[in-house]
Amino acid sequence: MPVEKTDTLVVGAGQAGIAMSEHLGALGVDHIVLERDRIAERWRTARWDSLVANGPAWHDRFPNREFAGNDPEAFVPKEGVADYFVDYAKQINAPVRCGVEVNRACRTADGSAFLVETSAGEIETKRIVAATGPFQKPLIPQLVPQSAGLTQIHSHDYRNPDQMPQGAVMVVGAGSSGAQIAEELMDSGRQVYLSVGPHDRPPRSYRGRDFVWWLGVLGKWDMQTPGPGTEHVTIAVSGAKGGKTVDFRRFAAGGMRLVGRTERFEDGKLYFAPDLIENVARGDANHASVLDEADAYVTRHGLDLPEDPQERKRWPDPACLTDPITELDLAEAGITSIIWATGFSVDYGWLEIDAFDDNGKPIHQRGVSPERGVYFVGLPWQSRRGSSFIWGVWHDAKYVADQIAIQRAYDAYHPPETLAAKAG
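Computed from a predicted model, the values in this text were never measured in an experiment. The written sequence of each chain sets the order in which its residues are numbered from 1. Note on the predicted model: pLDDT of at least 70 is required for a residue's local features to be given, and 80 or more for side-chain atom pairs to be given and counted; whole-chain, interface and lining totals, by contrast, use all residues. For side-chain calculations, the full set of non-hydrogen atoms in the structure is used, while hydrogens and water are omitted.

Peer 1: Just give me the short version of helix α1 (residues 15–26), but keep the residues and values in it.
Peer 2: Between its first and last C-alpha, α1 extends 17 Å over 12 residues, near the 16 Å set by a 1.5 Å rise per residue. Summary of the burial criterion: residues with accessible area below 20% of their type's maximum are buried, those above 50% are exposed, and those between are partly exposed, where the area comes from a 1.4 Å probe applied to protein chains only. Helix and strand definitions here come from DSSP, where helices need a minimum of 4 consecutive H or I residues and strands a minimum of 2 consecutive E residues; each element is numbered from the N-terminal end. Most of α1 sits inside the fold, with 10 of its 12 residues counted as buried. Those residues of α1 that fall on the buried side of the exposure criterion are Q15, A16, G17, I18, A19, M20, S21, E22, H23 and L24. Immediately beyond the C-terminal end of α1, within one or two residues, lies G28, with a positive phi of roughly 75°. Multiplying 1.5 Å by the residue count of a helix minus one yields the expected span of that helix.

Peer 1: Could you give an account of the environment of G12, naming the residues involved and the relevant values?
Peer 2: With respect to the helices, strands and loops of the structure, G12 is situated in the loop between β1 (4–11) and α1. As for G12 and S383, which are separated by 371 residues in sequence, their C-alpha atoms are 20 Å apart. Beyond its immediate sequence surroundings of up to four residues, G12 is in contact with G17, V33, L34, E35 and A131. Throughout, a residue-residue contact means that at least one pair of heavy atoms, one from each residue, lies within 4.5 Å.

Peer 1: If you had to explain helix α3 (residues 78–91) to someone new, which residues and values would you point to?
Peer 2: In this model α3 runs 20 Å from its N-terminal to its C-terminal C-alpha over 14 residues, within 8% of the 20 Å that 1.5 Å per residue would give. Restricting attention to buried positions, one finds in α3 the residues K78, V81, A82, Y84, F85, Y88 and A89. The buried residues of α3 occupy one face: seen down the axis, they fall within an arc of 150°. Those residues of α3 that are buried lie in contact with α1, α2 (41–45) and α10 (390–412). A positive phi of about 55° marks N93, the residue just after α3. Each C-beta atom gives one direction from the helix axis, and the arc is the one those directions make.

Peer 1: Can you break down the sheet that holds strand β16 (residues 327–329) residue by residue, with the values?
Peer 2: Two strands pair under a simple rule: DSSP has to find at least two bridges between them. Judged by pairing direction, the sheet is antiparallel, and its 3 strands sit side by side in the order β14-β15-β16 without closing on themselves. Strand pairing shows two members of the sheet lacking a second neighbour, β14 (262–266) and β16, which therefore form its edges. When strand polarity is set aside, the average angle formed by the axes of neighbouring strands in this sheet is 20°. Each axis is a line fitted through C-alpha atoms, and for a helix only the stretch in contact is used; angles between axes span 0 to 180 degrees, taken between their N-to-C directions.

Peer 1: So, the sheet that holds strand β17 (residues 335–340): which residues are in play, and what are the values?
Peer 2: Strand order in the open sheet formed by 5 strands is β8-β17-β9-β10-β13, with parallel pairing between adjacent strands. Taken across any chain shown, the strands that pair with only one partner, and hence form the sheet edges, are β8 (151–154) and β13 (257–259). Going from strand to strand, the sheet's axes swing by 20° on average, the running direction of each strand aside. Judged from the 3 bridges that link them, strand β10 (residues 192–195) and β13 form a sheet pairing that is parallel. Note that in β13 the partner of S195 across the bridge is V259. Where helix α4 (residues 176–187) meets the sheet, its contacts fall on β9 (168–172), β10 and β17, and the angle it forms with β10 comes to roughly 165°.

Peer 1: Tell me what's going on with the packing of α1 against α3, and back it up with residues and numbers.
Peer 2: Orientation of α1 relative to α3, taken along the N-to-C sense of each, is 20°, at an axis distance of 10 Å. Judged on the interaxial angle alone, α3 and α1 are roughly parallel. α1 and α3 meet at a crossing whose hand is left-handed. Residues Q15, I18 and E22 of α1 form the contact with α3, whose own contacting residues are F85, Y88 and A89. Amino acid classes used here: Ala, Val, Leu, Ile, Met, Phe, Trp, Tyr, Cys and Pro are nonpolar; Asp, Glu, Lys and Arg are charged; the rest, including Gly, are polar. Tallied by class, residues from the contact of α1 with α3 come to 4 nonpolar, 1 polar and 1 charged. Every angle not falling under 35 degrees, over 145, or within 65 to 115 is termed oblique; those three ranges are roughly parallel, roughly antiparallel and roughly perpendicular. Less than a right angle of anticlockwise turn of the near helix away from the far helix marks a crossing as left-handed, whereas a clockwise turn marks it as right-handed.

Peer 1: Tell me about the packing of α1 against α10, and name the residues and values.
Peer 2: Their axes nearest at 8 Å, the elements α1 and α10 cross at an angle of 45°. Taken together, the axes of α1 and α10 lie oblique to each other. Considering the relative orientation of α1 and α10, their crossing is right-handed. Between α1, through Q15, A16, A19, M20, E22, H23 and L24, and α10, the contact on the second element is made entirely by I390, V393, W394, A397, K398, V400, A401 and I404.

Peer 1: Any chance you could break down the pattern of salt bridges for me, citing the residues and the numbers?
Peer 2: Definition used for salt bridges: Asp or Glu carboxyl oxygen within 4 Å of a side-chain nitrogen of Lys or Arg. Within the structure shown, the criterion is met by 35 salt bridges. Salt bridges sharing partners connect three or more residues here, namely D7, R127, R372, R408 and D411.

Peer 1: Explain the side chain of D284 to me, and be specific about the residues and the numbers.
Peer 2: Within the fold, D284 resides in helix α7 (residues 276–301). Polar contact criterion, stated in full: a pair of N or O atoms within 3.5 Å, where within protein one must be able to donate a hydrogen and the other to accept it, and residues adjacent in sequence count only if both atoms are side-chain atoms. Here R201 takes part through its side chain, which lies 2.9 Å from a polar atom of the side chain of D284. One polar contact links D284 to R249, side chain to side chain, over a distance of 2.9 Å.

Peer 1: So what about the pairing of β9? Which residues, and what values?
Peer 2: Regular strands have side chains that alternate between both faces of the sheet. The buried count for β9 comes to 5 of 5 residues, which makes it a mostly enclosed element. Burial along β9 is two-sided: A168, M170 and V172 facing one way and V169 and V171 facing the other are all buried. As defined by bridge partners, β9 adjoins β17 across 5 bridges and the pair is classed as parallel. Paired with M170 across the bridge in β17 is I338. Relative to β10, β9 is paired through 4 bridges, and the arrangement is parallel. Following the sheet pairing, V171 is matched in β10 by L194.

This is the structure:
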């Protein structure tokens, strides 16, 4: 079969790939978008049933299309988010090919391009944009052996409470996913234990404005990466049930039992770090700091926003917080399953270039790899804190597309003949 050629190949048709296609198309760059499943597939099949977007519809969208039929202040269900990207791809006539998996991408023999092997044949491209996102390989710590007789799944594979076996559930990880799953299980009548690590805990809303608005006016979306190794800050925030502030003391008041970071498993027992009080205090401090900055902003700019003393009220400290549990016999506690809400790692094994660190993460500057012709989009903290959000991906993709256009202009440049050459 003849090798198909294109200027730029985008791998992945989630929010990052669709945004990339829009900007490349606007710049007149010939490109193809490959997706091994359907557009925005992970929103449909790699999330739990009740998941909604973590930001309201007016905010978590691309600039050129609103969510049809949704209250702007509502949190769009996951299927609605996936449908949005399908419709957006049609709107921009994105050249997406679904059901095509990329198996390998390597330099051509002369080094001028890349040869990409796919399930539908080979493609030669001058540039590759990896838009596969950060949620590629679910991470489950090797702490509890399968021989322990427990059902163990990652949050990636959790769907609803009925999926879990009878008995109490241990949820490890209290970021947005872990907190929402733990609360859903508790509300279904399950006994839930939640392992809480260091986290930020912003208010869902304050003084009549959602926290995404506050982060915007306070300039926090443009915050640069905190520092090497600290790119992933666990944030506990939820849009579930119309959106409300994640409050671990409220969870405990409902019957949930909080523990510190999960450290090890031995002889049927889980052992936890003595850091629960410290971790909850850190979340409290983060919550209070956002409220204080918001109040100062209101005063400074003379805004007519109603006071919100309710958001500053604190539930009483539960016994599990004042006298933390440091070890737990799982059989005695009736725990029959563990949900690991412990994040993901990336997998760029298909991309054969020397531009990754020792952990397999891409080396880049705002998505531009040191490997000529290779780009990334959809990474957390790619350029700023907002990079993880739908609108942030759109802006990051625009920057990357602009860099591609700049390089194309350099590639197309041919100096005029010198006088000597003309004379000859």
